Amino acid sequence: MEKKNVLIVYAHQSSGSFNAAAKDVAVEVLKASGCTVDVSDLYAINFKATATVEDITVGVKDPDCFCYAEETKLAWERNELSSDITKEQCKLKKADLVIFQFPMYWFSVPAIMKGWIDRVLTLGFAFSPEKCYGEGFFKDKMAMLSFTTGSHQSMFSANAINGDMNITLWPLQNGILHYCGFKVLAPEIFWAPAHVSRSECSTMLNHWRIRLGSLMSEKPLVFPPLDYFEKETGFQLKPEIIEKFATKEYGLAVGVHQGKKVPLNNQMRWINCFCEPTRHPGPEDAARSEKTMTAKKPQATSYDRAAPPDAPELSGQEAATVPHTHTRESPKEPRTQCTPPPTPTPNPKVPCMGVAVVCGPGVGTAPKTTKR
């Protein structure tokens, strides 16, 4: 792995949590590969979550009609932002890769991490109306989400009660990271560690460890490029682009779906799972035999790429996002469709991997005290 500077923005209250373990694995593997790793432990430093006038050290331009975006832009230009913001901005400027490590709260990030986003990614420093999306200030940097859920993977599908995780991720990955120009790597999702055994938690961490070894060389998720849109019409898709993809079954992206089917795994691609996930059919499936699909193989990690039927035929940076599934094959069992592991029977001899407070459906319906 090429040596890079990595910033981990970490939000969990407990050093014994699964999130802490995931963060520690990232620090260990990335440092071992020669990367410089900086961790912003938001709870440890008591990072201020609210965006207020106190973030500006000198008087504001218009105190009677305070506009946070405009005032912080002026303060950033004059080096008058509060020290906690400037410190984080300095870390971000040095970083080649930013990893956001957190437990999912209410289908989003914890308030303290949202505060980091609101206060650190200021107008002028992180974005501007002229410099956004593919032309954003951070177009030479990578970023990704790494997070835990409280609900099983099966609950975050197109037919499930929590809805499609790809749709949940769109505002975070497109509306924040991609908007600032980041090349967005597929998220690392740790599904419901509170509801699985410690050995399965270890398996998830091992998968993360393996992925970290080649993280810097991963191809980012693909979003519709700026030149697909027409400024004069309020950044609507250009007529020729609409015509080009008119016959396709799937839309261009989760948000830009053109009223068609949402592209499969457009915001995920890498799926962390304990068994073979349901595979999206492709043209090659017709040639697969029953014997091939159920054959026993040595234990291995495979990364299966298969484009959904009629996926947009883009090329280069415009290439359609291809579903990318992360599977674990067992030498003892044939491949099966992915189903959520059963909630293990509590074992007093097995220590909890941290304590967390359940915060709504985004983190499941676990007991009030649970490992995450």
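Computed from a prediction, not measured in an experiment: that's the story for all the values here. (Residues numbered from 1 in each chain as written. Predicted model: local features only at pLDDT ≥ 70, side-chain atom pairs only at ≥ 80, totals over all residues. Heavy atoms only, no water.)

**Topic: the overall build of the protein chain**
In terms of helices and strands, the protein chain carries eight helices and ten strands. When burial is assessed residue by residue, the protein chain has 48% of its 372 residues classed as buried. Look at the contacts in the protein chain between residues 6 or more apart in sequence, and 74% of them connect residues 24 or more apart. For the protein chain, the computed accessible surface area is about 17,900 Å², with 55% contributed by carbon and sulfur atoms. (Helix = DSSP H or I, 4+ residues; strand = E, 2+ residues; numbered from the N terminus. Buried < 20%, exposed > 50% of the residue type's maximum accessible area, 1.4 Å probe, protein only. Contact = heavy atoms within 4.5 Å. Areas by Shrake-Rupley, 256 points an atom, 1.4 Å probe, with all protein chains shown as cover.)

**A closer look at the environment of Leu30**
Tracing the backbone through its elements, the reader meets Leu30 in helix 1 (residues 18–32). For Leu30, a relative accessible area of 0% puts it in the buried group. Each C-alpha atom, one on Leu30 and one on Gly213, is 7.5 Å from the other, the two residues being 183 residues apart in sequence.

**Quick word on the packing of aromatic side chains**
One pair of aromatic rings is described through two measures. These are the centre distance and the angle between the planes. Applying the stated criterion across every chain yields a total of 14 aromatic pairs. Taking 6.2 Å as the distance between ring centres and 40° as the angle between the ring planes, the aromatic pair formed by Tyr228 and Phe245 counts as tilted. Taken as a pair, Tyr228 in the loop between helix 6 (198–212) and strand 7 (229–230) and Phe245 in the loop between helix 7 (239–244) and helix 8 (290–294) lie far apart in primary sequence, 17 residues in all. Judged by relative accessible area, which is 1%, Phe245 ranks as buried. (Phe/Tyr/Trp six-rings, centres within 6.5 Å; stacked < 30°, edge-to-face > 60°.)

**Some remarks on unusual backbone geometry**
For Asn79, which is not glycine, the phi torsion reads 60° and is therefore positive. Structurally, Asn79 can be placed in the loop between helix 2 (68–77) and helix 3 (83–94). For Asn79, a relative accessible area of 65% corresponds to the exposed category. Even without being glycine, Tyr133 reaches a positive phi, approximately 50°. Tracing the chain through its elements places Tyr133 in the loop between helix 4 (111–120) and strand 4 (142–148).

**With respect to the packing of helix 1 against helix 6**
Between two packed helices, what matters for the description is the angle formed by their axes and the separation of those axes. In the contact formed by helix 1 and helix 6, the axes pass within 10 Å of each other and the chain directions differ by 30°. As judged from the angle between their axes, helix 1 and helix 6 are roughly parallel. Regarding helix 1 and helix 6, the two cross each other, and that crossing is right-handed. Taking contact as the criterion, the partners of Phe18, Ala21, Ala22, Val25, Ala26, Glu28, Val29 and Leu30 in helix 1 are, on helix 6, Cys201, Met204, Leu205, Trp208, Arg209 and Leu212. Grouping the constituent residues of the contact of helix 1 with helix 6 by class yields twelve nonpolar, no polar and two charged. (Axes fitted to C-alpha atoms, helices over the stretch in contact; angles between N-to-C directions. Parallel < 35°, antiparallel > 145°, perpendicular 65-115°, else oblique. Left-handed = near helix turned anticlockwise from the far one by under 90°. Nonpolar A, V, L, I, M, F, W, Y, C, P; charged D, E, K, R; others polar.)

**Here's the deal with the nonpolar core**
Across soluble globular proteins, nonpolar side chains have a tendency to be buried as a group. Core analysis: the biggest nonpolar cluster contains 49 residues, and Leu92, Val98, Phe100, Trp116, Leu121 and Met165 have the highest contact counts within it. Only strand 1 (5–10), strand 3 (97–103), helix 4, strand 4 and helix 5 (165–178) provide two or more residues apiece to this core. Here the element with the most residues in this core is helix 5; it accounts for six residues. Every residue in contact with Leu121, bar those within four places of it in the chain, is listed here: Leu92, Trp116, Ala126, Phe127, Phe138, Ile176 and Cys180. Grouped together as the second largest cluster of nonpolar side chains are 28 residues, Ile8, Ala26, Val37 and Leu185 included. (Core = buried A, V, L, I, M, F, W, Y, C linked by side-chain atoms within 4.5 Å.)

**Points about the pattern of salt bridges**
Under the definition given, this model contains twelve salt bridges. Residues Arg209 and Glu28 are paired through a salt bridge, measuring 3.1 Å at the closest nitrogen-oxygen approach. Taken together, the positions of Arg209 in helix 6 and Glu28 in helix 1 put the pair 181 residues apart, joining distant regions of the chain. The partly exposed category is assigned to Arg209, whose relative accessible area is 31%. The salt bridge partner of Asp55 is Lys48, with a shortest N-O separation of 2.8 Å. Classification of Asp55 by relative accessible area gives buried; the value is 1%. (Salt bridge = Lys/Arg side-chain N within 4 Å of Asp/Glu carboxyl O.)

**What to know about helix 5**
Among the 14 residues in helix 5, eleven count as buried, and that is most of the element. Contact partners of the buried residues in helix 5: strand 3, helix 4, strand 4, strand 5 (183–184) and strand 6 (188–190).

Function cannot be read off these values alone, since they describe shape.
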